[in-house]
Amino acid sequence: MFETAAVYALISAVLLALRDIFGRFAVRGIDPITGTAFTAIIGLPVLWFVSAVRGDFSDPWPGLGWPLLFIAIAGIFRVCFARTMLFAATQHIGSARTSTIVATNLIFAVIFGIIFLGEALTFTIGMGAFLVFVGYLFIARSHTNHKRGGSQNFPYVGMGLALGCALAFGAAAVLVRPAVGFFTSANEANFYSNTFAVAAFMPFLFRKGKINEIKSWTPSNWRFLVLAGLSASLGVTFLYLALANAPVVYAFPISQSRPLFVIAISWVFLQSDERMNWRVVAGALAIFTGTVTLIFNG
């Protein structure tokens, strides 16, 4: 069971790394809230189709109890709050740095898992969390290539958004863990989660002037919104599958190895937008080492 969870979590890491990269280009020049809302809308038909093919909707759903409430809150945390802050942060500090800082959601997930799910606090959990925090410190001290006023500054706004995103992602993972087993499949749970997130976005989409703003989006915006929405939705489904088969402290850390995938893709394809330095790489390696340490705890 744990081996299956590890495979699901690793696939999730790759897909979520692609989400981070696509998301940066998707919301370039547009409102991150509106852009994020459309990534959630784009993902819904895909999630519905997968569950329909599997026959998930033919079985009784959990009803209006706490599992649906937990999944709904997790969707709002994960999509409305976390994904919006994620895409906004990439506009300030780039996808590689954002993804690496957001990987600190592992710390929040472990803390919440211990407090609310009664998962054990061991030496390896503490060591893994410490290494993740060290990785964040390296990233926080790295400079970004975005210039303001002719000089480089520490991107405090981007780091703050990325940390807020990490907190929301960590909380969502802990909410999903006890609830996902009440649904027919992890994909069905993710479909309902995304549905509640889209509903929460609706008031923002019908504000005055939004229609004209959306009409001004470029084909590039739409292309990357579709790619970000698809990779995000499927990546979370695989994360839900991992959480359905293993504890948070085992499955969630593996999915947080995505900064290395983001950095590798950025280095190969996006050198004009992402400048790597030793602090970024060292931070990503520290976070990855921390996740491996936590995996051994499982």
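No experiment lies behind these values; they were computed from the predicted model shown.

Q: I'm lost on the pattern of salt bridges in this one. Help?
A: Opposite charge on two side chains permits them to pair, given that their charged atoms come into close proximity. Within the structure shown, the criterion is met by four salt bridges. In this structure, Arg 19 and Asp 20 form a salt bridge, with 2.9 Å as the shortest nitrogen-oxygen distance. As far as the burial class goes, Arg 19 and Asp 20 line up, both buried. The partner of Lys 210 in a salt bridge is Asp 31, and the shortest N-O contact between them spans 2.8 Å. Of this pair, Lys 210 sits in helix H8 (residues 210-215) while Asp 31 sits in the loop between helix H1 (2-26) and helix H2 (32-54), and the two are 179 residues apart along the sequence. Owing to a relative accessible area of 21%, Asp 31 belongs among the partly exposed residues under this scheme.

Q: Looking at this model, I keep getting lost on empty space enclosed by the protein. Mind explaining?
A: Which parts of space are left empty comes out when a probe the size of a water molecule is rolled across the atoms. Evaluation of the coordinates by the stated rule reveals two cavities of 30 Å³ or more. If you trace the largest cavity, you find 14 residues lining it, with Leu 16, Arg 78, Phe 169, Leu 239 and Phe 252 closest to the centre. For the lining of the largest cavity, the secondary-structure elements that each account for two or more residues are H1, helix H6 (156-179) and helix H9 (219-245). The biggest single contributor to the lining of the largest cavity is H6, with four residues. Class assignment of the residues belonging to the lining of the largest cavity gives a composition of nine nonpolar, two polar and three charged.

Q: When you look at a nonpolar patch on the surface in this model, what are you seeing that I'm missing?
A: On the surface, a cluster of nonpolar side chains totalling about 440 Å² of accessible area is made up of Trp 48, Phe 49, Val 53 and Phe 57. Checked against the element boundaries, Trp 48 lands in helix H2. The exposure class assigned to Trp 48 is partly exposed, which follows from its relative accessible area of 46%.

Q: Sorry, what's going on with the side chain of Ser 185 here?
A: With respect to the element layout, Ser 185 can be found in the loop between H6 and helix H7 (186-205). Assessed through its relative accessible area of 7%, Ser 185 is described here as buried. Of the polar contacts made by the side chain of Ser 185, one reaches the side chain of Asp 56; its length is 2.5 Å. Here Glu 188 takes part through its backbone nitrogen, which lies 3.0 Å from a polar atom of the side chain of Ser 185.

Q: Just checking my understanding: could you explain H7 for this structure?
A: Taking 1.5 Å of rise per residue, the 20 residues of H7 would be expected to cover 28 Å, and the 28 Å separating its terminal C-alpha atoms lies within 8% of that figure. Capping the start of H7 is the job of one residue whose side-chain oxygen sits 3.4 Å from the backbone nitrogen of Asn 187: Ser 185.

Q: Would you take a moment to explain helix H10 (residues 248-255) for this structure?
A: It helps to recall that an α-helix has 3.6 residues per turn; residues three or four apart then point in one direction. Judged by how many residues are buried, H10 sits mostly within the fold: eight of eight residues are covered. Every buried residue of H10 is accounted for by Val 248, Val 249, Tyr 250, Ala 251, Phe 252, Pro 253, Ile 254 and Ser 255.

Q: Can you walk me through the packing of aromatic side chains in this structure?
A: Remark: the centre distance and the inter-plane angle together describe each pair of aromatic rings, the angle taken between the planes. All chains considered together, the criterion is met by 14 aromatic pairs. Seen from their ring centres, Trp 48 and Phe 57 are 6.4 Å apart, and the 25° between their planes marks the pair as stacked. Exposure remark for Phe 57: the relative accessible area of 31% places this residue in the partly exposed category. Taking the centre distance of 5.9 Å and the plane angle of 40° together, the rings of Phe 183 and Tyr 192 count as tilted. As far as burial versus exposure is concerned, Phe 183 and Tyr 192 are alike and both buried. Taken together through their ring pairs, the aromatic side chains of Trp 48, Phe 57, Phe 183, Phe 191 and Tyr 192 make up a single cluster.

Q: In this structure, what is going on with the packing of H7 against H9? I would like to understand it.
A: To characterise two packed helices, one gives the angle between the axes of the helices and the distance between these axes. It is the contact of H7 with H9, at a shortest axis distance of 8 Å, that shows an interaxial angle of 130°. By the angle between their directions, the pair H7 and H9 is classed as oblique. Judged by the sense of rotation from one axis to the other, the crossing of H7 with H9 is right-handed. The segment H7 lies against H9, with Ala 186, Asn 187, Ala 189, Asn 190, Ser 193 and Asn 194 engaging Ser 233, Val 236, Thr 237, Tyr 240 and Leu 241. Across the contact of H7 with H9, the residue classes break down as five nonpolar, six polar and no charged.

Reading guide: rules and limits
Residues numbered from 1 in each chain as written. Predicted model: local features only at pLDDT ≥ 70, side-chain atom pairs only at ≥ 80, totals over all residues. Heavy atoms only, no water. Salt bridge = Lys/Arg side-chain N within 4 Å of Asp/Glu carboxyl O. Buried < 20%, exposed > 50% of the residue type's maximum accessible area, 1.4 Å probe, protein only. Helix = DSSP H or I, 4+ residues; strand = E, 2+ residues; numbered from the N terminus. 1 Å grid on protein atoms, 1.4 Å probe; cavity = no way out; pocket = protein on both sides within 12 Å on 5 of 7 lines; lining within 4 Å. Points joined across faces, edges and corners; volume = space filled by probe spheres on them. Nonpolar A, V, L, I, M, F, W, Y, C, P; charged D, E, K, R; others polar. Patch = residues over 30% accessible without salt bridge, like charges linked within 9 Å, V, L, I, M, F, W, Y side chains within 5 Å. Areas by Shrake-Rupley, 256 points an atom, 1.4 Å probe, with all protein chains shown as cover. Polar contact = N/O pair within 3.5 Å; in protein donor to acceptor, adjacent residues only side chain to side chain. Expected span 1.5 Å × (residues − 1). Phe/Tyr/Trp six-rings, centres within 6.5 Å; stacked < 30°, edge-to-face > 60°. Axes fitted to C-alpha atoms, helices over the stretch in contact; angles between N-to-C directions. Parallel < 35°, antiparallel > 145°, perpendicular 65-115°, else oblique. Left-handed = near helix turned anticlockwise from the far one by under 90°. Contact = heavy atoms within 4.5 Å.

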